[in-house]
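Descriptive structure summary
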Amino acid sequence: MPRRSALRYVLLAAALLAPRTGLAQRARIVGTVADSATGTRLAGAWVRAVAGDSTVATALTNSRGRFRLSGLAAGSFTVMVARIGYSPLRIPSVASSATGETELAVRMTPRPFVLDPVVVSATLSEETSLATPAAVSVVPRSSVLRQAVATPIDYVRTVPGVDYSQKGLFSTTFSTRGPRGVTAEAGALLLLSDYRYVSIPSLGYNIAGFVPNTPDDIERIEVVRGPAAVIFGPNGRRGVVHFITRSPLGPAETSLSLAGGQRSWADGSFRISRRVTPSFGVKLSARYARGNDWTYEDPVETALRAQALATGARADTLLIGARREVAKEFHTEARADWAIGRGTTLVSTASFVQATGVESGSDAGAAQSEDWKYLAFQTRLTHRRLFANLMYDGSNAGNTYNLRSGAILRDDSRLFAAQVQHSSEWRATRLIYGGDFRWTIPRTHGTLNGRFEDQDNVRETGVYIHSTTALSPRLDLSAALRLDHHNKLADEFFLSPRAALVFKPGANHALRLSYNRSFEQPTPRGIFPDLAVAPLGPLPFSIRLEGSAGQGFSFDRSCGGLCMRAPAAFTGGSTGFLPADATLMWPAVVAILKAQGLDLSALPAPTKAQVGSRLALLNPATGTFIPVTAGDVKDVPAIRRVVESVFEAGYKGFLNDRLLASVDVYYTRANHVFSTSATVNTPNVFLDPATLATYFTNFMPAGLAQQAASGAASIPVGTISPKEVPGADLLIFQPANQGGAYSFWGADISLSYDVSRNLSLGGSYSYASKDSTDLGAGFGQLLFQAPRHKGNVTLQFQNENRGIRADVRARAVGGFGVLSPAYVGRVKAYGLLDASVGVRLGWLRGAWFTVDATNLFDHRHAEFVGTPVLGRFIVGRLQITL
């Protein structure tokens, strides 16, 4: 090879192998962006590196709040950080090193009105409300501080899509998107306090007063509207309400709140938060509140009380109709946070609640709770991408009793639960996977679960996987699948999928399209009830609510047709099966008529060949018996899960940097649902009036025979009872009202406008296409017990410099019908105006005085059937924070 050519190749190789100065000097600025008040990592923040007047690198923070500015030359830059809802941040003189990375920890200050907060309740992981594949609303801490409420759930009454009804000072019912019960049922809406379930384990009721957090505890309240079961399991059928509290690892703080107002209202609370070491903090909070509740007279209670007094009961000891005027609550919570190391935090909480008041949510009528106690423990661990959660809830009903029967209600139910979740990322896909376990131990001492008391423990297990894939910079695909197991259902396993597309045409806009198959597993209250609802007048029958332990009911037809059971008082002690022949109980009929003044004892007993028998079913709403045939008596299948398939389209975005608009439209198809028209499912056996009148004409004039036959034929002598239930009581089968289907669509629309730094205007409107539906042949009617139309407008003012904050809240709720075993009626439409004004007391450090008025114009109205008429409620509150 010629020397010149060889030299050329050597020089070329040297050039290729030599260090390239320009590349070696390229560097990166990396870091995290978080909320300055809470430390929550912020996704979707826009980070820029600026040199002079030119932007040389940009990045968006990911789901964990991290960013990377790459390809920078060595030198000094200004880093600009911007995010909707936060004040823009400018960090000058950030040096990038030619030898590697420069790390930044950025803290952004929220604006007075945060429009796009970070949420965790949709997928149990941090993401912005724009990016989440569900409809989410947030009640911020600023709104909590402006209102003086009786229970924490009152803060969500103006959230779009929430159906909220106040039943007393502390009693409420609330749900989202669809039918609701007289009491807020945990199966339809999951209530959480710092990731812990808040419901009575045996009953599955969400009791708002059992949320143990004081107003000073609450950081924010997240409300997920729509199916959440794929992540949270059986109790997230239509949404989640999640109270998230403040960590004691923040600044040391002591706060005190004192309030008083109408209805002899007295309310006091405190919160003490301290860092014991830089990595370990503790918090203690407590609250006591009492007031004279609005009064309500239940006509059924009044009649039953008068009947009991007439038969010799003492007025001072009789519990029927004995309502207490004073309602009160005490709750306290202790919490310890330990930042063990980088990315690892351990949080332990213990809380206790004691409550007295009237709760009108029972199938058997209202209950007077006396010192009902609720104890909870929780420990949760976060280690980088791992989340583990252990919890215990314990309930003790104290001296609680039913106001219609006077029966003592005992509840010592327990719940043990565990959750574990982990996440990982692979290329453009983020995976979240986990599982949960719930063990419910009802322990009602026979007062609710009767003969099932020793077999009513329930174990529920679920596993899930959720993925989010960035198909492009603007399009995300979310998919999830969950498998659940229930140890008491005949159909033990259930699979629920979810799929969603989130399209972001711009940084501040998101379009969402999703499909969810959600479900609600029956609570122990639905599987194991065995309790008396009401007596059947003076006769030896009782109307009972009856469960099947998940197995269903079947009728005995081996008696030449249907078999019946008769009360022991009619048979001399036997309660075995007999042919459905009313003439067998002739001595009992004669005895009853004799007590009423008609003596038929001289007549010979008729035979079934002489007098026939008929079947009739009691209608609890009217108190009359409806004729039925033997062919109408059907075996009842086992109780099942309620299943909902939901298609949803949504938009959320900023029309400018101050105006946030949200529109959600959804279609729901539900199967295996329960009707609200609870009916007695076991017919009674009667003497046939026509053949009995003919028989009587052999012994008396025709007119008298007709009258005697009419009286005798109105007496039930037996009940077509199932094989699974002993006794002759009339039974309401919980599973028998299940099996129908319905569909409806609805929409939630909301606007939030940041008029200025100090003034915000917001409003929402929610619509449902139905408030009742026919479930199909044999399944009865379903009333949603919620309005088709509701809306609100809120105006908020806040000027921290001058120490003034105020808001005005206008609410309008359409009318709706109510139909339950205990309550039937209609709630009239109503509109209310609420207002509050707060001023900072300059002469007392950290002090605010707030006056809050609910129903400012004293519009007298009832928000649910069977509850008091409500009026104006004004409270003044002094808050001091040191």
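Residues numbered from 1 in each chain as written. Predicted model: local features only at pLDDT ≥ 70, side-chain atom pairs only at ≥ 80, totals over all residues. Heavy atoms only, no water.

**Some points on the sheet that holds strand S1 (residues 27-35)**
Pairing in this open sheet of 3 strands is mixed, and the strands run S4-S1-S7 from one edge to the other. The sheet is open, and its two borders are formed by strand S4 (66-72) and strand S7 (101-108), each paired with just one other strand. Pairs of neighbouring strands in the sheet enclose a mean axial angle of 20 degrees, with direction left out of account. Bridge count for S1 against S7 is 8 bridges, and the pairing is parallel. (Pairing = 2+ DSSP bridges. Helix = DSSP H or I, 4+ residues; strand = E, 2+ residues; numbered from the N terminus. Axes fitted to C-alpha atoms, helices over the stretch in contact; angles between N-to-C directions.)

**A few points about the sheet that holds strand S14 (residues 196-197)**
Strand order across the open sheet formed by 5 strands is S10-S15-S16-S13-S14, with mixed pairing between neighbours. A single partner strand is all that each edge strand has here, and the edge strands are strand S10 (135-140) and S14. Taken together, the 6 bridges between S10 and strand S15 (residues 218-225) define a ladder with antiparallel strand orientation. Its bridge partner being in S15, Val139 is matched across the sheet by Ile221.

**Considerations on unusual backbone geometry**
One non-glycine residue, Arg263, adopts positive backbone phi at about 60 degrees. Tracing the sequence through the fold places Arg263 in the loop between strand S17 (253-261) and strand S18 (265-277). Positioned with a positive phi, Asp371 is a non-glycine residue whose angle comes to about 60 degrees. On the basis of relative accessibility, which here comes to 26%, the residue Asp371 falls in the partly exposed class. (Buried < 20%, exposed > 50% of the residue type's maximum accessible area, 1.4 Å probe, protein only.)

**Concerning the confidence of the model for the chain**
Predicted confidence across the chain gives a mean pLDDT of 87, with 93% of residues reaching 70 or more. Across residues 1-25, confidence stays below pLDDT 50; counting only partners more than four residues off in sequence or on other chains, it has 7 contacts. (pLDDT = per-residue confidence, 0-100. Contact = heavy atoms within 4.5 Å.)

**A few points about the state of the cysteines**
For the structure on display, the rule yields 1 disulfide. The partner cysteine of Cys559 in its disulfide is Cys563, sulfur to sulfur 2.0 Å. The sign of the 105 degrees torsion about the S-S bond sets the Cys559-Cys563 disulfide as right-handed. Classification of Cys559 as partly exposed rests on a relative accessible area of 24%. (Disulfide = S-S within 2.5 Å.)

**Section: helix H5 (residues 299-310)**
In this model H5 runs 17 Å from its N-terminal to its C-terminal C-alpha over 12 residues, within 8% of the 16 Å that 1.5 Å per residue would give. Those residues of H5 that fall on the buried side of the exposure criterion are Glu301, Arg305 and Ala308. Burial along H5 is one-sided: seen end-on, the buried residues are contained in an arc of 65 degrees. The exposed set on the far side of H5, more than 90 degrees from its buried face, consists of Pro299 and Ala310. (Expected span 1.5 Å × (residues − 1). Arc of directions from axis to C-beta.)

**Details of the packing of helix H9 (residues 689-696) against helix H10 (residues 702-712)**
When two helices pack together, their arrangement is given by the angle between their axes and by how far apart the axes lie. At a minimum axis distance of 8 Å, the contact between H9 and H10 shows a crossing angle of 135 degrees. The angle between H9 and H10 falls in the class oblique. At the point where H9 passes H10, the crossing takes the right-handed sense. Contacts between H9 and H10 involve Pro689, Leu692, Ala693 and Phe696 on the former and, on the latter, Ala705, Gln706, Ala708, Ala709 and Ala712. For the contact of H9 with H10, a count of residues per class yields 8 nonpolar, 1 polar and no charged. (Parallel < 35°, antiparallel > 145°, perpendicular 65-115°, else oblique. Left-handed = near helix turned anticlockwise from the far one by under 90°. Nonpolar A, V, L, I, M, F, W, Y, C, P; charged D, E, K, R; others polar.)

**Comments concerning the environment of Thr461**
Positionally, Thr461 belongs in strand S27 (residues 458-472). Ignoring sequence-local partners within four residues, the contact set of Thr461 consists of Asp436, Phe437, Leu483, Asp484 and His485.

**Quick notes on the side chain of Arg305**
Of note, Arg305 is situated in helix H5. For the buried Arg305, no salt bridge exists, and the shortest N-O distance to an oppositely charged side chain is 7.7 Å, to Asp316. A polar contact of 2.6 Å, which involves the side chain of Arg305, links it to the backbone oxygen of Ile320. What Arg305 contacts, discounting residues up to four positions off in sequence, is Ala315, Leu318, Ile320, Gly321 and Ala322. (Lys, Arg positive; Asp, Glu negative; His and termini not counted. Salt bridge = Lys/Arg side-chain N within 4 Å of Asp/Glu carboxyl O. Polar contact = N/O pair within 3.5 Å; in protein donor to acceptor, adjacent residues only side chain to side chain.)

**Focus on the packing of aromatic side chains**
Tallying each qualifying case throughout the model produces 25 aromatic pairs. With centroids separated by 6.0 Å and ring planes inclined at 70 degrees, the aromatic side chains of Trp294 and Phe873 adopt a geometry described as edge-to-face. One end of the pair, Trp294, is in the loop between strand S19 (280-292) and H5; the other, Phe873, is in strand S52 (residues 873-881), with 579 residues separating them in the sequence. Ring centres 5.1 Å apart and planes at 50 degrees place the aromatic pair Tyr392 and Phe416 in the tilted group. Placement of the pair is Tyr392 in strand S23 (residues 386-396) and Phe416 in strand S25 (residues 414-426), with a sequence separation of 24 residues. Judged by its relative accessible area of 34%, Phe416 is partly exposed. Following the ring pairs from residue to residue traces out a cluster consisting of Phe170, Trp265, Trp294 and Phe873. Seen from the ring of Tyr823, Arg404 lies directly overhead, with NZ or CZ sitting 5.3 Å from the centre. Taking NZ or CZ as reference, Arg805 lies 3.8 Å from the ring centre of Trp848, over its face. (Phe/Tyr/Trp six-rings, centres within 6.5 Å; stacked < 30°, edge-to-face > 60°. Lys NZ or Arg CZ within 6 Å of the ring centre and 35° of its normal.)

**A short note on the nonpolar core**
Counting residues in hydrophobic clusters, the biggest one holds 84 residues, and the most contacted among them are Ile153, Val156, Phe210, Ile221, Val241, Leu692 and Phe696. No other element matches helix H8 (residues 586-595), which puts 6 residues into this core. Leave out the neighbours within four places in its chain, and Val241 touches Ile153, Val156, Leu189, Leu190, Leu191, Leu192, Ile221, Glu222 and Val223. Grouped together as the second largest cluster of nonpolar side chains are 19 residues, Val47, Phe77, Tyr86 and Met108 included. (Core = buried A, V, L, I, M, F, W, Y, C linked by side-chain atoms within 4.5 Å.)

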